[in-house]
Amino acid sequence: MFYHLLKYVLLGPLLRLVFRPRIEGLEHVPAEGAAIVAGNHLSFSDHFLMPAILKRRITFLAKAEYFTGPGVKGRLTAFFFRSAGQIPVDRSGKDAGQAAIREGLGVLARDELLGIYPEGTRSHDGRLYKGKVGVAVMALKAGVPVVPCAMIGTFEAQPPGRVVPRIRPVTIRFGEALDFSRFAGMENEKAVLRAVTDEIMYAILTLSEQEYVDEYAAVVKERQAAEKGARERRFPRAPLG
């Protein structure tokens, strides 16, 4: 019930006012039945913009850190994410990927919409990064279509580190649903999973027109952080005064 209160009364109208989203291709999202909506991930606002404009309820897999913050703020954040239809997924440890897949398949088994960001994390520079194969595993195991989606302009409105978004229009663009029934029963074939994931990412890329990087975003972030740390150790800042 609170999901609909957020969508239609509290959060949805505010998001529409701030971002003035232009919606394209909404007819490609199935009106009923299970499906995966796979999109790029440019901003914290993405979690709430897509649910606000879709006619159907959509459940996203979100990092567990959003649900475990300390204090009153942490509890409010967790309540907000759960109320908005987010499912916490622990991304640490070797079984993290399997846990996310189990949660996602549970959503699809209820004939609902599952939202997922195949990149696995927000883009830190506005580019589109290599997708992880979990989306392919779920699509093949559940036998459901994948609707590609592109968020356009949300990076400029609320880049990483910016708490209050800029007031500017954004576009949410959906593409034709991708059918992978030809790969039924092949969800354990690594080459097939990579091919399916790459096809999904290419569809997102076509919609978003981003620059593509054939590396995982998390790997690039770690490398850049390490390089920054090395530079700071090599050239430490002189103390002020």
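Data block above holds the structure.
Residues numbered from 1 in each chain as written. Predicted model: local features only at pLDDT ≥ 70, side-chain atom pairs only at ≥ 80, totals over all residues. Heavy atoms only, no water.

*Asks:* Even after reading the chapter, I still don't get the environment of Val144, so can you show me in this structure?
*Replies:* Assignment of secondary structure puts Val144 in the loop between helix 6 (134-142) and strand 7 (146-152). Taking the relative accessible area as the measure of exposure, Val144 reaches 9% and is therefore buried. Sequence-wise, Val144 and Asp179 are 35 residues apart; in three dimensions their C-alpha atoms are separated by 7.5 Å. Among all residues touching Val144, those that are not within four sequence positions of it are Ala34, Ala35, Ile36, Leu108 and Ala139. (Helix = DSSP H or I, 4+ residues; strand = E, 2+ residues; numbered from the N terminus. Buried < 20%, exposed > 50% of the residue type's maximum accessible area, 1.4 Å probe, protein only. Contact = heavy atoms within 4.5 Å.)

*Asks:* Got a minute to help me understand the environment of Ala150 in this structure?
*Replies:* Summarising the element assignment, Ala150 is placed in strand 7. What makes Ala150 buried here is its relative accessible area of 0%. When the C-alpha atoms of Ala150 and Gln210 are compared, they prove to be 9.5 Å apart, with 60 residues separating the residues in sequence.

*Asks:* Please clarify how the sheet that holds strand 5 (residues 113-116) should be interpreted in this entry.
*Replies:* Either a parallel or an antiparallel arrangement is found when strands of a sheet pair, and the pairing is made through backbone hydrogen bonds. Within the open sheet, the seven strands sit side by side as 1-8-7-2-5-3-4. Their pairing is mixed. A strand with exactly one partner marks an edge of an open sheet, and here the two such strands are strand 1 (22-24) and strand 4 (86-89). Neighbour-to-neighbour, the strand axes of the sheet open up by a mean angle of 25 degrees, direction not taken into account. As paired elements, strand 3 (residues 58-63) and strand 5 share three bridges and run parallel to each other. Along strand 5, the bridge assignment pairs Phe60 with Gly115. Against the sheet, helix 3 (residues 46-53) contacts strand 1, strand 2 (35-39), strand 3, strand 4, strand 7 and strand 8 (171-174), and its axis sits at roughly 175 degrees relative to strand 3. Lying over the sheet, helix 8 (residues 190-208) contacts strand 2, strand 7 and strand 8, oriented at roughly 35 degrees with respect to strand 7. (Pairing = 2+ DSSP bridges. Axes fitted to C-alpha atoms, helices over the stretch in contact; angles between N-to-C directions.)

*Asks:* What am I meant to see in the packing of helix 6 against helix 8 here?
*Replies:* Geometrically, a packed helix pair is captured by the angle between its two axes and the distance between the axes. Between helix 6 and helix 8, whose axes approach to 8 Å, the crossing angle comes to 105 degrees. Between helix 6 and helix 8, the interaxial angle falls into the category roughly perpendicular. Along the contact surface, helix 6 presents Val135, Ala136, Val137 and Leu140, while helix 8 presents Val192, Leu193, Val196, Thr197 and Ile200. The class makeup of the residues in the contact of helix 6 with helix 8 is eight nonpolar, one polar and no charged. (Parallel < 35°, antiparallel > 145°, perpendicular 65-115°, else oblique. Nonpolar A, V, L, I, M, F, W, Y, C, P; charged D, E, K, R; others polar.)

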